[in-house]
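# Structural features, examined
Okay, here's what each chain looks like letter by letter:
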Amino acid sequence: MDVQCSSCGARLALEENLRTIECPYCAASSIVERAADPERPSPTFVLGFSVSQIQARERAADWLRGRSLFAKKGVHKAAVENVRGVYVPAYLYSSAATSGFSADIGEEYQRTESYTTTENGKTVTKTRRVTETEWRPLSGRFAEYIPDVLVTASRGLANEELEAIEPFDLRLLRRYDPALLSGWAAEEPSMSGSQCLEVARREALERTGERLSGFMPGDKHRGLEQSTELSNEELDLCLVPVWVMAARYREKAAPVRIVINGQSGEVHGETPLSWLKIGGAAIALLAVLAAIVFALSGA
Amino acid sequence: MQEAAKVVSNGCSRCQCALEPDDLRCPVCGLATAPARRDAAAAQVVIVRCQACRASVSYSAEAQAPKCGYCGSVMRVETPEDPVEQAQAFLPFTVSPDEARKALGRFLARKSWFRPADLAARATLDAMKPVWWPAWVFNAKALVSWTADSDAGAGRAAWAPHSGQTSYVFRDVVVSASRGLTAKECEALTADYALSMAAESPRGPAEASIERFDTARSGARKLIVEAIEKEASGRVAKAEVPGSKSRKLKVAVMLSGLETVRYALPAYTLAYRYKQRLYRVVVHGQKAETILGKAPYSGWRICAAVLAGALAVGVAIAVAVLATR
């Protein structure tokens, strides 16, 4: 899509997945409001960045320094590059969940039992207290709102990555205003609302399952089954602040991708592990164990 | 709800809970209240300009607002509100300072074996302060799901699991926001307030002070929801869980139609002195018969009671020993 910079008049090519562009001639930031499209709605909310680029770099450097001993050589001192603050599109889902549940509830009780043992060469009978579990079936109903499920609407940031840097403080949500995006990269949703709704529903059901697990009485439970109906569903497009960067630890190796929550500073990335170091450590451990066994058998 | 208390703008369309005018989402169920943006018919390019120097501005993470890189001016944008809100409704004092003083006199004259006999005669009033203490009063409906262990239907174990779901209507439930009064004092006072007398402005003794709410809106909402869960839990334990004893009661509350009003409730706090020590008493600001506080104990009377008890036990043992011979 071609847009005209309304500051200097230059014609600029805007990538299909972006909402903002900076003019290379006059440095003016333009926000492009596209025409109505049900698969690509306008955002309802924005969460503004509160972590600056300097803070994001520091967080990334701290995170790299704290990687495990088995990380590949150079990871701890890797150079951070391509630091970009991006407003990532995500859907905020809420609904009312009503469930029917059934489970076996374990209630513990104590019982005295007799047993025989040998003492000083004689067989004696003794008693001891043992804890037993009585299993009782329980079924019932459960109802609760599910207010804050956030799922990615961007193919550029996987839902697992978004979950890893959550939570976002949703009390600080603002009504969408182009001024909040000015000067920053902002993505358009690259996943459809219906795809995101399915992911959000799965997450909502998982959350209800966790709530139900904590809702069970007794000392323990097993075989918990739920049948949950989600009603009054709502999906709002939201732009969330994420710092994305690459940490290069070796010339020819793929860099480590790091994502940081632009509001809380929470960091996520996959640490590349050195199989050489892991193998060496395993061999060293085996050698120590063998030495101990040898020493003991010799003694 | 009273005239003075109607400040909420509208209700959430999912749970019918009252919303403040600047709420973007329902605080109870999370439904967006912001009207959906109308998408443009054709693409349009927006440049956000500095209102001072007309340069293009960028959002600043440090300022958390758009800030001009040339002249440094910060653009005003809508920011999330979390104000510390003050009382909307005042209940008038219907107990005068004189009546409160007399109530203290009656409290001191109450007969009790462990109290000093000269308490009413020797106690002197040290201070009396009329105060409006802050409280949230809510109305709501709730669908309450619960599970618990109880002794009803127990088999080999002492407990059997139970579950249920019930609807409650909460009317004028008071949640204290006071730091000056203890939770126990507030609980004892709340039953006797005539909430229908609420007015927009305070009416009472000229020297009366107003204790301010000191919790931001989001914190207050959390406290109110916790209070509703506690109230629901109490009602379920009392009326729903079968058997004579129970444990591990868990409730899940689905609220609807929640309306909260911030009240200022009248009370007198009095301090009296007895033998150099100060004791506090609270008198209800609308019902002088509701009075609570501390009174000194008589040391020798407690000793006498302990001795009498020991003597009684001794005599009982002696009688038992003699009877077995």
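Residues numbered from 1 in each chain as written. Chains lettered and ligands numbered in written order. Predicted model: local features only at pLDDT ≥ 70, side-chain atom pairs only at ≥ 80, totals over all residues.

### What about the overall build of chain A?
Definition in use: Every helix listed is a DSSP run of H or I at least four residues long, and every strand listed is a run of E at least two residues long, numbered separately from the N terminus. Any residue whose C-beta has 12 or fewer other C-beta atoms within 10 Å is treated as exposed, any with 20 or more as buried, and any in between as partly exposed, C-beta atoms being built from the backbone. This entry defines residue contacts through backbone-placed C-beta atoms, with two residues in contact when those atoms are within 7 Å.
The helix and strand inventory of chain A stands at four helices and twelve strands. Overall size of chain A, expressed as C-alpha extent along the three principal axes, is 105 × 60 × 25 Å. Every one of the 299 residues in chain A was classed for burial, and the buried ones make up 35%. Sequence-distant contacts, at least 24 apart, represent 73% of the contacts inside chain A between residues at least 6 apart.

### Some thoughts on the domain arrangement of chain A
Residues and elements named next belong to chain A. Our working definition: Those domain boundaries reflect an automatic or database domain assignment. Gly is placed with the polar residues, together with every amino acid not listed as nonpolar (Ala, Val, Leu, Ile, Met, Phe, Trp, Tyr, Cys and Pro) or charged (Asp, Glu, Lys and Arg).
Partitioning chain A into structural domains gives domain 1 (1-32) and domain 2 (33-107 + 135-298). Measuring from the centre of the C-alpha atoms in domain 1 to the corresponding centre in domain 2 gives 32 Å. Between domain 1 and domain 2, the contact holds seven residues from the first and twelve residues from the second. By residue number, the principal contributor to the side of domain 1 that touches domain 2 is strand β4 (residues 29-33), which donates three residues. Considering only residue class, the side of domain 1 that touches domain 2 consists of three nonpolar, three polar and one charged.

### Description of the interface of chain A and chain B
With 60 residues of chain A at the interface, the matching set in chain B holds 54 residues. Elements that contribute at least two residues to the side of chain A that touches chain B include exactly β1 (2-4), β4, β6 (79-119), β7 (122-152), β8 (174-175) and β10 (220-248) of chain A. Of the residues forming the side of chain A that touches chain B, the biggest block, eleven residues, is contributed by β7(A). Grouping the constituent residues of the side of chain A that touches chain B by class yields 29 nonpolar, 16 polar and 15 charged.

### A look at the sheet that holds strand β3 (residues 44-47) of chain B
Operational definition: When DSSP finds two or more bridges between a pair of strands, those strands are recorded as paired. Think of each axis as a best-fit line through the C-alpha atoms, taken over the contacting stretch in the case of a helix, with angles from 0 to 180 degrees between the N-to-C directions.
The three strands lie next to each other as β3(A)-β4(A)-β3(B), forming an open sheet whose pairing is antiparallel. Strand pairing shows two members of the sheet lacking a second neighbour, β3 (20-22) of chain A together with β3 of chain B, which therefore form its edges. Neighbour-to-neighbour, the strand axes of the sheet open up by a mean angle of 30°, direction not taken into account. Note: β4(A) against β3(B), four bridges, orientation antiparallel. If you follow A:V32 over to β3(B), its bridge partner there is B:V45.

### Brief notes about the nonpolar core
Nonpolar side chains in soluble globular proteins generally cluster together in the buried interior. Quick reminder of the rule: We define a nonpolar core as a collection of buried residues of the types Ala, Val, Leu, Ile, Met, Phe, Trp, Tyr and Cys that are connected via C-beta atoms lying within 7 Å of each other.
Of all hydrophobic cores here, the largest spans 134 residues; its most connected members are A:A90, A:Y91, B:L255, B:Y263 and B:V283. Take this core: its biggest share by element is 14 residues, from strand β10 (residues 246-274) of chain B. Setting aside residues no more than four positions away along its own chain, B:L255 makes contact with B:C15, B:C17, B:V28, B:A140, B:A142 and B:I228.

### Overview of the pairing of β10(B)
All names here are of chain B. Sheet topology places strand β6 (residues 89-90) next to β10; two bridges connect them, and they run parallel. Looking at the pairing, A89 lines up with Y263 of β10. Two elements, strand β7 (residues 124-150) and β10, share 24 bridges in a ladder whose sense is antiparallel. Residue A142 lies in a different strand from β10, and its bridge partner there is L255.

### Things to note about the domain arrangement of chain B
Residues and elements named next belong to chain B. Domain boundaries in chain B define domain 1 (89-294) and domain 2 (295-325). Its C-alpha centre places domain 1 at a distance of 39 Å from the equivalent point of domain 2. Across the boundary between the two partners, domain 1 contributes nine residues, which contact seven residues of domain 2. Taken together, the residues of the side of domain 1 that touches domain 2 sort by class into six nonpolar, no polar and three charged.

### Digging into the environment of A:P43
All names here are of chain A. Topologically, P43 is positioned in the loop between β4 and β5 (45-46). Given 25 C-beta atoms within 10 Å, P43 falls into the buried group. C-alpha separation for the pair P43 and S68, spaced 25 residues apart in sequence, amounts to 39 Å. Those residues in contact with P43 that sit more than four places away from it in its chain are P89, Y176, L237, C238 and L239.

### What about the environment of B:D126?
Residue and element names in this part refer to chain B. Assignment of secondary structure puts D126 in strand β7. A tally of 13 C-beta atoms within 10 Å means that D126 is categorised as partly exposed. Excluding residues within four positions of it along the chain, D126 makes contact with A271, Y272, R273 and L278.

### With respect to the environment of B:L31
Turning to its location among the elements, B:L31 is positioned in the loop between β2 (18-19) and β3. Remark: the alpha-carbon pair of B:L31 and B:C12, spanning 19 residues in sequence, is separated by 7.3 Å. Setting aside its immediate chain neighbours within four residues, B:L31 contacts A:S94, A:E234, B:C12, B:S13, B:R14, B:R25 and B:C26.

### Here we look at the confidence of the model for chain B
Residues and elements named next belong to chain B. Filter applied, for reference: pLDDT is a residue-level measure of predictor confidence that goes from 0 to 100.
On average, residues of chain B carry a pLDDT of 88, and 94% of them reach 70 or more. Within chain B, β6 carries the highest mean pLDDT (95), whereas strand β1 (residues 10-11) carries the lowest (79). For residues 1-8, every residue scores under 50 in pLDDT, and the model assigns this stretch 20 contacts once sequence neighbours within four places are set aside. Among the prediction metrics, the complex's ipTM stands at 0.81, with pTM recorded as 0.81.

### A short note on helix α5 (residues 299-324) of chain B
So the rule is basically this: For a helix, the expected span equals 1.5 Å multiplied by the number of residues minus one.
An ideal rise of 1.5 Å per residue puts 38 Å on 26 residues; α5(B) measures up with 38 Å between its terminal C-alpha atoms. Within α5(B), only zero of the 26 residues are buried, leaving the element largely exposed.

### What to know about unusual backbone geometry
Following A:E166, the chain continues to A:P167 via a peptide bond in cis, the omega torsion being 10°. The residue A:P167 is located in the loop between α2 (159-165) and β8 in this model. Positive phi outside glycine occurs at B:D172, with the angle close to 50°. Its location among the elements puts B:D172 in strand β8 (residues 160-176). B:D172 gets classed as partly exposed once you count the C-beta atoms within 10 Å, which come to 14.

### Examining helix α1 (residues 97-109) of chain B
Residue and element names in this part refer to chain B. Stated formally: It is the directions from the helix axis to the C-beta atoms that the arc portrays.
End to end, α1 covers 19 Å across 13 residues, agreeing with the expected 18 Å (1.5 Å per residue, within 8%). All buried positions along α1 are accounted for by A100, A103, L104 and L108. Angular distribution of buried residues about the axis of α1 spans 135°; they occupy a single face of the element. With respect to the buried face of α1, the exposed residues turned more than 90 degrees away are D98, G105, R106 and A109. Each element contacted by the buried residues of α1 is listed here: α2 (119-122), β7, β10, β11 (277-284) and β12 (291-293).

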